[in-house]
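Okay, here's what each chain looks like letter by letter:
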Amino acid sequence: MKAWFQPARRQPRGGVLSRGIGAVLLAGLLGACSSAPQAPPTAEPDVAIFVARLDLASGQLGAPLNITPGKGSNFQPAFLRDGSGLLYVSQRSGTPNIYRHDFASGQTRALTQTTESLYSPTPLADGRGFSAIRVQSPDPFYGAESKAPPVWRFGWDGQPLKALTPTLRVGYHAWINAQQMALFLVDEQAERNAHRLVLEDRLSGRQVLLSEKPGSGFSRMPQGDQVSFIDKQDPQRWVLMARGLQDAQPQPLIDLPLPPAGEGEASRSHYFVWLPDGSLLLPQGGRLLRWDGRPGTDFKPFADLRHLGGVIKNLALSPDGARLAFSLRLEEKPPAP
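All of the points below concern the structure found in this document. Because the structure is predicted, anything quoted here is derived from the model rather than measured.

## Some remarks on the overall build of the protein chain
Line of reasoning, step 1. Helix and strand content of the protein chain: one helix and 25 strands.
Line of reasoning, step 2. When contacts within the protein chain are restricted to residue pairs at least 6 apart in sequence, those whose partners lie at least 24 apart make up 44%.

See the structure below:
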């Protein structure tokens, strides 16, 4: 899950959207919509995907390997259910498509080759394909799908099979169990930036509002049918929360740390990943912080990756907890160690 659009700056309707990285740069989305206002040409930032061995017993992260060498935007890694490889989004063809990397062979191939924009590939629990966000008719503000339900099931041949929920304007999604999904709903008006996060039961259609100011990263809790997410109601106090469909209120878990002095908002992350022992990793610029998951404790340094020359974005963990994947925006230069 993971991010693909960048909220627009507040400006009059029809103004040029701000450029940013989530999973895709808005220039590509706007170019696909002939009626959208066009931004002046600028160089797109390079975003690479790295994979590293993770040893929880010793608390060590191995040397990260860039599996997407070369220029271009590559993001939203998601491990296959057996851990033999991962899916991710790449714009190398000019349009965001889904690619598969296999660890044993070291080979990468395109699973989809379409002029539509595809995001957030997530292998399904039944092993018969993956879900993804499918944008056929992007809106002029965020590039979100504006007409049809965007959460689709795909086969391993890369062909779309069916929409998985009738809910519209979904920007990101995460599976909580086979029946429930967390859905980031993109606002229709760029001036408001009023995105919402909901938890939906696919069978009944029931939705529970999780946050009216959510971060773009969220996931299932390690145990139980709850979704964990970042609430940003207070700009100075982002809180990691958890809530299930039957819970009366969300449960605050921990306040997220503010960026170090001099680093600004670029080091403030929307993304996190839970580890098998119940702890959590959170990016902060070019570093990774770890919280042990216990109430009353705080984040501690885990790995310093500033030598890679970028800012860590999306995170993904292999099913056995032995590998960590992350996207790194190489244009943003965090302070040197």
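## Observations concerning the sheet that holds strand β20 (residues 273-274)
Line of reasoning, step 1. Spatially, β20-β21-β22-β23 is the arrangement adopted by the four strands of the open sheet, whose pairing is antiparallel. Since the sheet does not close on itself, it has two edges, and those belong to β20 and β23 (300-304), each with one partner.
Line of reasoning, step 2. Where strand β21 (residues 280-284) and strand β22 (residues 287-291) come together, five bridges link them in antiparallel fashion. Looking at the pairing, glutamine 284 lines up with arginine 287 of β22.

## A look at the sheet that holds strand β10 (residues 151-154)
Line of reasoning, step 1. The strand order across the open sheet formed by four strands is β8-β9-β10-β11, and the pairing between neighbours is antiparallel. Here the strands that pair on one side only, and so sit at the sheet edges, are β8 (117-123) and β11 (160-163). Across the sheet, the mean angle separating the axes of adjacent strands is 35° when strand polarity is ignored.
Line of reasoning, step 2. As paired strands, β10 and β11 are joined by three bridges and run antiparallel to one another. Bridge pairing in β11 links arginine 153 to lysine 162.

## Details of the pattern of salt bridges
Line of reasoning, step 1. Summed over all chains, the structure comprises 13 salt bridges.
Line of reasoning, step 2. Aspartate 126 is the partner of arginine 128 in a salt bridge, and the nearest nitrogen-oxygen pair spans 3.6 Å.
Line of reasoning, step 3. Owing to a relative accessible area of 58%, arginine 128 belongs among the exposed residues under this scheme.
Line of reasoning, step 4. We note a salt bridge from arginine 306 to aspartate 304, for which the minimum N-O separation is 2.6 Å.
Line of reasoning, step 5. Judged by its relative accessible area of 16%, arginine 306 is buried.
Line of reasoning, step 6. Under the relative-accessibility criterion, aspartate 304 is labelled partly exposed at 36%.

## Notes on the nonpolar core
Line of reasoning, step 1. Ile98, Phe130, Val151 and Leu183 are the most contacted members of the largest nonpolar core, which has 23 residues in total.
Line of reasoning, step 2. Those elements giving two or more residues to this core turn out to be β5 (85-90), β8, β9 (130-135), β10, β12 (170-175) and β13 (180-185).
Line of reasoning, step 3. Ranked by residue count, the leading element in this core is β9, at four residues.
Line of reasoning, step 4. Among all residues touching valine 151, those that are not within four sequence positions of it are Ala132, Ile133, Lys162, Ala163, Leu164, Thr165, Val170, His173, Met181 and Leu183.
Line of reasoning, step 5. One finds Ala144, Ala182, Leu210 and Met241 within the second-largest nonpolar core, a separate group that totals 20 residues.

## Remarks on the environment of threonine 122
Line of reasoning, step 1. Note on placement: threonine 122 falls in strand β8.
Line of reasoning, step 2. Sequence separation of threonine 122 and glutamine 76 is 46 residues, and the distance between their C-alpha atoms is 9.3 Å.
Line of reasoning, step 3. Contact partners of threonine 122, with chain neighbours within four places excluded, come to Phe130, Ser131, His173 and Trp175.
Line of reasoning, step 4. Within the structure, threonine 122 has its side chain in polar contact with the backbone oxygen of serine 120 (distance 3.3 Å).

## Digging into the environment of arginine 329
Line of reasoning, step 1. Note that arginine 329 resides in strand β25 (residues 323-329).
Line of reasoning, step 2. For the pair arginine 329 and serine 73, spaced 256 residues apart in sequence, the C-alpha to C-alpha distance is 8.4 Å.

## Section: the packing of aromatic side chains
Line of reasoning, step 1. Counted according to the given criterion, the structure contains eight aromatic pairs.
Line of reasoning, step 2. On the numbers, 5.7 Å between centres and 45° between planes, the contact of phenylalanine 130 with tryptophan 156 is tilted. Placement of the pair is phenylalanine 130 in strand β9 and tryptophan 156 in the loop between β10 and β11, with a sequence separation of 26 residues.
Line of reasoning, step 3. Relative accessible area serves as the criterion here: at 30%, tryptophan 156 is assigned to the partly exposed category.
Line of reasoning, step 4. Ring centres of tyrosine 172 and phenylalanine 184 lie 4.8 Å apart, and the angle between their planes is 70°; on these two criteria the pair is classed as edge-to-face.

## Describing the pairing of strand β1 (residues 47-55)
Line of reasoning, step 1. Across the nine residues of β1, seven count as buried, placing the element largely inside the fold.
Line of reasoning, step 2. By the bridge criterion, seven bridges tie β1 to β25 in an arrangement that is antiparallel. Bridging across to β25, alanine 48 finds its partner in leucine 328.
Line of reasoning, step 3. Taken together, the two bridges between β1 and strand β3 (residues 65-66) define a ladder with antiparallel strand orientation. Of the residues in β3, the one forming a bridge with phenylalanine 50 is asparagine 66.
Line of reasoning, step 4. In this structure, β1 lies alongside strand β2 (residues 60-61), joined through two bridges in antiparallel fashion. Note on β2: the bridge partner recorded for aspartate 55 is glutamine 60.
Line of reasoning, step 5. Between β1 and β2, which pair antiparallel in sequence order, lie four residues; one of them, glycine 59, sits at a positive phi of approximately 70°.

## Some thoughts on the pairing of β5
Line of reasoning, step 1. Most of β5 sits out of view: six of its six residues are buried.
Line of reasoning, step 2. Both faces of β5 are covered, namely the face carrying Gly85, Leu87 and Val89 and the face carrying Leu86, Tyr88 and Ser90.
Line of reasoning, step 3. In terms of strand pairing, strand β4 (residues 74-79) meets β5 through four bridges, oriented antiparallel. Pairing of alanine 78 across the sheet is with leucine 87, part of β5.
Line of reasoning, step 4. Taking the residues that link successive antiparallel strands as the turn, the β4-β5 hairpin has five residues, and the phi of glycine 83 there is positive, at about 75°.
Line of reasoning, step 5. When β5 meets strand β6 (residues 97-102), the two strands line up antiparallel, connected through six bridges. Each bridged residue has a counterpart across the sheet, and for leucine 87 the counterpart in β6 is arginine 100.
Line of reasoning, step 6. Taking the residues that link successive antiparallel strands as the turn, the β5-β6 hairpin has six residues, and the phi of glycine 94 there is positive, at about 100°.

What counts and how
Residues numbered from 1 in each chain as written. Predicted model: local features only at pLDDT ≥ 70, side-chain atom pairs only at ≥ 80, totals over all residues. Heavy atoms only, no water. Helix = DSSP H or I, 4+ residues; strand = E, 2+ residues; numbered from the N terminus. Contact = heavy atoms within 4.5 Å. Pairing = 2+ DSSP bridges. Axes fitted to C-alpha atoms, helices over the stretch in contact; angles between N-to-C directions. Salt bridge = Lys/Arg side-chain N within 4 Å of Asp/Glu carboxyl O. Buried < 20%, exposed > 50% of the residue type's maximum accessible area, 1.4 Å probe, protein only. Core = buried A, V, L, I, M, F, W, Y, C linked by side-chain atoms within 4.5 Å. Polar contact = N/O pair within 3.5 Å; in protein donor to acceptor, adjacent residues only side chain to side chain. Phe/Tyr/Trp six-rings, centres within 6.5 Å; stacked < 30°, edge-to-face > 60°.

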